[in-house]
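Structure at a glance
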Amino acid sequence: MFRLFASSSKGALRTAAKNQQVRNLSIHEYMSANLLSEAGIKVPKGHVATTPEEAYQAAKDLGASDLVIKAQVLAGGRGKGHFDSGLKGGVKVIYSPEEARDLASKMINHRLFTKQTGVHGKECNKVFIVERKYVRREYYFAILMDRATRGPVLVASAQGGVDIETVAAEDPEAIIKLPVDINKGLSLESAQTLASQLGFVGNAREEAADTFLKLYKLFLAKDATQIEINPLVETSDHQVMCMDAKFGFDDNASFRQKDVFSLRDPTQEDPREVQAEKWDLNYIGLDGRIGCLVNGAGLAMSTMDIIKLHGGEPANFLDVGGSATAKQISEAFKIISSDSGVSAALVNIFGGIMRCDVVAQGIIDAVKELDLKIPLVVRLQGTNVDEGKKLINESGISIFPCDDLDKAAELVVKLSDITSLAQKVGVHAKLSLA
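Quick summary incoming for the structure in this document. (Residues numbered from 1 in each chain as written. Predicted model: local features only at pLDDT ≥ 70, side-chain atom pairs only at ≥ 80, totals over all residues. Heavy atoms only, no water.)

**What about the sheet that holds strand β5 (residues 91–94)?**
Convention followed: For two strands to count as paired, DSSP must find a minimum of two bridges between them. Segments assigned H or I by DSSP are reported as helices when at least four residues long, segments assigned E as strands when at least two residues long, and all are numbered from the N terminus. With axes taken as lines fitted to C-alpha atoms, and helix axes fitted only over the stretch in contact, angles between N-to-C directions fall between 0 and 180 degrees. The contact rule is simple, with two residues in contact once any of their heavy atoms fall within 4.5 Å.
An order of β2-β8-β3-β5 is seen for the four strands of this open sheet, with the pairing classed as antiparallel. In this open sheet, the two edge strands, each paired with only one partner strand, are β2 (46–49) and β5. For this sheet, the mean inter-axis angle between neighbouring strands, taken without regard to orientation, is 20 degrees. The pairing of strand β3 (residues 67–71) with strand β8 (residues 127–131) spans five bridges and is antiparallel. Looking at β8, one finds that I69 is bridged to I129. Running at roughly 15 degrees to β8, helix α3 (residues 52–62) makes contact with β2, β3 and β8 of the sheet.

In structure tokens:
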């Protein structure tokens, strides 16, 4: 999608933002279509199916000879992706219920790989069968939260149905941006002007403006962070219709958007992030080999940066917060250790509200329960630090204590390198202090 959010100044967090999903709720296309329809916005008729037989019946019920079957996976580039079944493309034109059943059998319960899914792909559990519409023109339309203007911004282009970021890079003038004063809202006049700028004329211009107003109202009503319509089309009979939609919602609004958040599909999310949320931990998986457990987002980012400074790559962002229990610390270690790519871990705790003895007990419990094989460097400072160090020293577990963060980071990078080398040659290396 077209990104307007300001990027972090921290190198490690930029890496996280680039490679990981933004931590806002996303929902499947068929769910988005239902929300649009409920808001009075025109979308193609369609039915969702979870089995090939359901796909057959859905196509039959639609009663049209021209249909489209779409894999329901939370990732972009579905049309150009491929399945582990050998099927090329996650969006296909079909002409019969039998064809719907055949293609559904090659999509459902198979993994789809696109440029956004990563090397592991994503499981397709449903398909969306929709009527095929013949269009005169395709457009791009989105509503996003823009930090620069501190409010919503409408982003539109007459070049729809394609990768909008490519359009923005190759032809910036083709992108229209319209900031909206959230206190005043989107006016009919502004919506009509935007429709004209895009090239809508006559009744289609009025219908496009009405669609923009309804989308903006929906954006506010559902606490959305994004509504992206690509393509927005004018059909051959001059109807304005949303052919494909992506929604994102603010996680902080879950308490008042229970109907929206009930649509969440955890099978499409990183299971480590799902588990972290269960234990009220802030976790983002990365591509490195050094696990990090830190309290406080700022300290976590600094820890990742100093690891990178010493030539290492963090395997995660993990902030346990300021009041974690020993059980939460233990669960955090389970999440870190579930990543087979982790070859060493660094614990960096500055105890204020967080007590170092609680952290120490959580570390001890986790190491014993998991029989942790990777080297563990621990830096504890702050409240009850002496009690925490005493617990660790008396536990009998093998830990590399280090009071200096720079030295701790340097040490964990070296230990990671040693462990990684041993793993490559099939040797188990148990490291300890001399």
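**Quick word on the packing of aromatic side chains**
Counted only if it meets this: The pairing test for Phe, Tyr and Trp rings, Trp by its six-membered ring, is centres within 6.5 Å, and the orientation test on the planes gives stacked under 30 degrees, edge-to-face over 60, and tilted for anything in between. Relative accessibility thresholds used throughout: buried, under 20% of the residue-type maximum; exposed, over 50%; partly exposed, between the two (1.4 Å probe, protein chains only). In this scheme, the term charge over a ring applies when either NZ of a lysine or CZ of an arginine sits within 6 Å of the ring centre and within 35 degrees of the ring normal.
Tallying each qualifying case throughout the model produces four aromatic pairs. Pairing Y30 with F128 gives two aromatic rings, centres 6.3 Å apart and planes at 50 degrees, and the pair type is tilted. You can see Y30 sitting in helix α2 (residues 29–38) and its partner F128 sitting in strand β8, a full 98 residues away along the chain. Both residues of the pair, Y30 and F128, belong to the buried class. Taking 5.6 Å as the distance between ring centres and 20 degrees as the angle between the ring planes, the aromatic pair formed by F247 and F249 counts as stacked. Exposure class is identical for F247 and F249. Each is buried. In this arrangement the basic side chain of R101 is found over the ring face of Y56, its NZ or CZ atom lying 4.4 Å from the centre.

**Topic: the side chain of D265**
Counted only if it meets this: Charged-residue counts in this description rest on Lys and Arg as positive and Asp and Glu as negative, His and the chain ends being excluded. When a carboxyl oxygen of Asp or Glu is within 4 Å of a side-chain nitrogen of Lys or Arg, the pair counts as a salt bridge. Definition of a polar contact: a pair of N or O atoms within 3.5 Å, with one able to donate and the other able to accept a hydrogen when the atoms are protein atoms, and with sequence-neighbouring residues admitted only if both atoms are side-chain atoms.
Locating D265 in the fold gives a position in the loop between α8 (258–261) and α9 (271–278). Notably, D265 is buried but unbridged: the nearest opposite-charge side chain belongs to K126, and the N-O separation is 4.9 Å. Separated by 2.8 Å, the side chains of D265 and H28 make a polar contact. A polar contact of 2.5 Å, which involves the side chain of D265, links it to the side chain of T267.

**Description of the nonpolar core**
Heads up, the rule is: Throughout this description, the term nonpolar core refers to a set of buried Ala, Val, Leu, Ile, Met, Phe, Trp, Tyr and Cys residues connected via side-chain atoms within 4.5 Å.
Residues L36, F141 and F212 are the most contacted members of the largest nonpolar core, which totals 44 residues. Top element by residues in this core is helix α7 (residues 202–221). It accounts for eight residues. Core analysis: the second largest hydrophobic core is formed by 34 residues, I329, V359, L372 and L380 among them.

**A short note on helix α10 (residues 297–309)**
What counts is decided by this rule: Take the residue count of a helix, subtract one, and multiply by 1.5 Å to get its expected span.
For α10, which comprises 13 residues, the first-to-last C-alpha distance of 18 Å matches the rise-based estimate of 18 Å (1.5 Å per residue) to within 8%. Along α10, the residues that are buried comprise A300, M301, T303, M304, I306 and I307. In the segment just after α10, G311 is the residue with positive phi, at about 95 degrees.

**Points about the packing of α3 against helix α4 (residues 97–107)**
Heads up, the rule is: Roughly parallel means an angle under 35 degrees; roughly antiparallel, over 145; roughly perpendicular, 65 to 115; everything else is oblique. A clockwise turn of the near helix away from the far one marks a right-handed crossing, whereas an anticlockwise turn of less than a right angle marks a left-handed crossing. Residue polarity follows a fixed list, in which Ala, Val, Leu, Ile, Met, Phe, Trp, Tyr, Cys and Pro are nonpolar, Asp, Glu, Lys and Arg are charged, and the others, Gly among them, are polar.
One can describe the packing of α3 onto α4 by two numbers: an axis separation of 8 Å at closest approach and a directional angle of 150 degrees. If you check the angle between α3 and α4, you find them roughly antiparallel. As α3 packs across α4, the resulting crossing turns out to be right-handed. Across from P52, E53, A55, Y56, A59 and K60 in α3, the residues of α4 making contact are P97, E98, A100, R101, A104 and S105. Taken together, the residues that form the contact of α3 with α4 break down as seven nonpolar, one polar and four charged.

**Concerning the pattern of salt bridges**
One pass over the full model with this rule turns up 26 salt bridges. Between E53 and R101 there is a salt bridge; the shortest N-O distance is 3.4 Å. With E53 in helix α3 and R101 in helix α4, this pair connects stretches of sequence that are 48 residues apart. The exposure class of E53 is partly exposed, given its relative accessible area of 46%. Among the residues examined, R101 registers a relative accessible area of 28% and is labelled partly exposed. Of the charged contacts, one joins D102 and K106 as a salt bridge, the two residues approaching to 3.6 Å between their closest N and O atoms. Here K106 and D102 lie together in helix α4, a separation of four residues that amounts to about one turn. Owing to a relative accessible area of 39%, D102 belongs among the partly exposed residues under this scheme. Salt bridges sharing partners connect three or more residues here, namely E29, K70, R78 and D244.

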